[in-house]
Amino acid sequence: MSDKKDHKDHGLEAAWIRELAGILEETGLTEIEIEKDNTRLRVSRQGGLAAYAAPAPAAAPAAAPVASSQPAAASAPAESHPGAVKSPMVGTAYLSPSPGADPFVREGAQVSEGQTLMIVEAMKTMNPIAAPRSGKVTKIIVSDAQPVEFDEPLLIIE
């Protein structure tokens, strides 16, 4: 009897995976995670394909700091840079207005105050990130479709 229940649970997980993969495709996100009844399921897209990443019990948050510590270490000097433009919200950064389009700005480009630098998508809303001042874009810190945190440096204008 338990064998039949296990098979049923695997079918439910497969349905979750298919549903989450569909959401990834619709939204352009690279990763999504859900938790239900002490089961955590994460699906991520790599190379344009949705792939099952890992189901885990509720103890999985230990893996999250490892993933987030590497970008934080790489951008630590940028956080204190006076020309850093920081994300006003948690979301996904997009460097161009649509897939395949030219980016809003490139490193070395002169920008004017108010010019759109990139978009941060949050809850299916596209939020333009405007230049707070005129100057030269000396470094773009984030990559296209990268998840970003609140107050995370996105680029530097000098």
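A brief report on the enclosed structure follows. (Residues numbered from 1 in each chain as written. Predicted model: local features only at pLDDT ≥ 70, side-chain atom pairs only at ≥ 80, totals over all residues. Heavy atoms only, no water.)

### A short note on the overall build of the chain
Part 1 of the argument: Of regular secondary structure, the chain possesses two helices and 11 strands.
Part 2 of the argument: For the chain, the N- to C-terminal ordering of α and β elements is α-β-β-β-α-β-β-β-β-β-β-β-β.
Part 3 of the argument: Within the chain, the fraction of its 158 residues that count as buried is 30%.
Part 4 of the argument: Restricting the contact set of the chain to residue pairs at least 6 apart, pairs at least 24 apart contribute 48%. (Helix = DSSP H or I, 4+ residues; strand = E, 2+ residues; numbered from the N terminus. Buried < 20%, exposed > 50% of the residue type's maximum accessible area, 1.4 Å probe, protein only. Contact = heavy atoms within 4.5 Å.)

### With respect to the nonpolar core
Part 1 of the argument: If you look at the biggest cluster of nonpolar residues, it comprises 17 residues, and the most contacted ones within it are Leu117, Met118, Leu155 and Ile157.
Part 2 of the argument: Those elements giving two or more residues to this core turn out to be strand S7 (116-122), strand S9 (135-140) and strand S11 (153-157).
Part 3 of the argument: Setting aside residues up to four positions removed in sequence, Leu117 forms contacts with Val85, Leu95, Phe104, Val105, Val111, Ile129, Ala130, Ala131, Leu155 and Ile157.
Part 4 of the argument: Trp16, Leu20, Leu24 and Ile32 belong to the second-largest nonpolar core, a separate cluster that totals six residues. (Core = buried A, V, L, I, M, F, W, Y, C linked by side-chain atoms within 4.5 Å.)

### Regarding the sheet that holds strand S5 (residues 91-94)
Part 1 of the argument: With antiparallel pairing, the four strands of this open sheet are ordered in space as S8-S7-S5-S10. Whereas interior strands pair on both sides, the edge strands pair on one side only; in this sheet they are strand S8 (125-130) and strand S10 (146-148). Here the average twist between neighbouring strands, direction ignored, is 35°.
Part 2 of the argument: Across three bridges, the pairing between S5 and S7 is antiparallel. Looking at S7, one finds that Ala93 is bridged to Val120. (Pairing = 2+ DSSP bridges. Axes fitted to C-alpha atoms, helices over the stretch in contact; angles between N-to-C directions.)

### Structural notes on the side chain of Gln146
Part 1 of the argument: One can find Gln146 in strand S10.
Part 2 of the argument: On the basis of relative accessible area, Gln146 is assigned to the buried category, the value being 19%.
Part 3 of the argument: A polar contact is formed between the side chain of Gln146 and the side chain of Glu152, at a distance of 3.5 Å.
Part 4 of the argument: With near-sequence residues (within four places) excluded, Gln146 lies in contact with Gly91, Thr92, Ala93 and Glu152. (Polar contact = N/O pair within 3.5 Å; in protein donor to acceptor, adjacent residues only side chain to side chain.)

### Overview of the pairing of S7
Part 1 of the argument: With six of seven residues buried, S7 lies mostly within the body of the structure.
Part 2 of the argument: Pairing between S7 and S8: six bridges, direction antiparallel. If you follow Thr116 over to S8, its bridge partner there is Ala130.

### Side note on the sheet that holds strand S6 (residues 110-111)
Part 1 of the argument: The strand order S4-S11-S9-S6 describes an open sheet built from four strands, whose pairing is antiparallel. A strand with exactly one partner marks an edge of an open sheet, and here the two such strands are strand S4 (84-86) and S6.
Part 2 of the argument: In terms of strand pairing, S4 meets S11 through three bridges, oriented antiparallel. From the neighbouring strand, Val85 faces S11, where its bridge partner is Leu155.

### Description of the layout of surface pockets
Part 1 of the argument: If you add up the space inside the second largest pocket, you get close to 250 Å³.
Part 2 of the argument: In terms of lining residues, the second largest pocket is bounded by 13 residues, among which Tyr94, Ser96, Ser98, Pro99 and Asp144 are the most central.
Part 3 of the argument: A class-by-class count of the residues in the lining of the second largest pocket yields eight nonpolar, four polar and one charged. (1 Å grid on protein atoms, 1.4 Å probe; cavity = no way out; pocket = protein on both sides within 12 Å on 5 of 7 lines; lining within 4 Å. Points joined across faces, edges and corners; volume = space filled by probe spheres on them. Nonpolar A, V, L, I, M, F, W, Y, C, P; charged D, E, K, R; others polar.)

### Thoughts on the pattern of salt bridges
Part 1 of the argument: Taken as a whole, this structure holds one salt bridge when the rule is applied.
Part 2 of the argument: Here Arg106 and Asp102 are joined by a salt bridge, their closest N and O atoms 3.9 Å apart. (Salt bridge = Lys/Arg side-chain N within 4 Å of Asp/Glu carboxyl O.)

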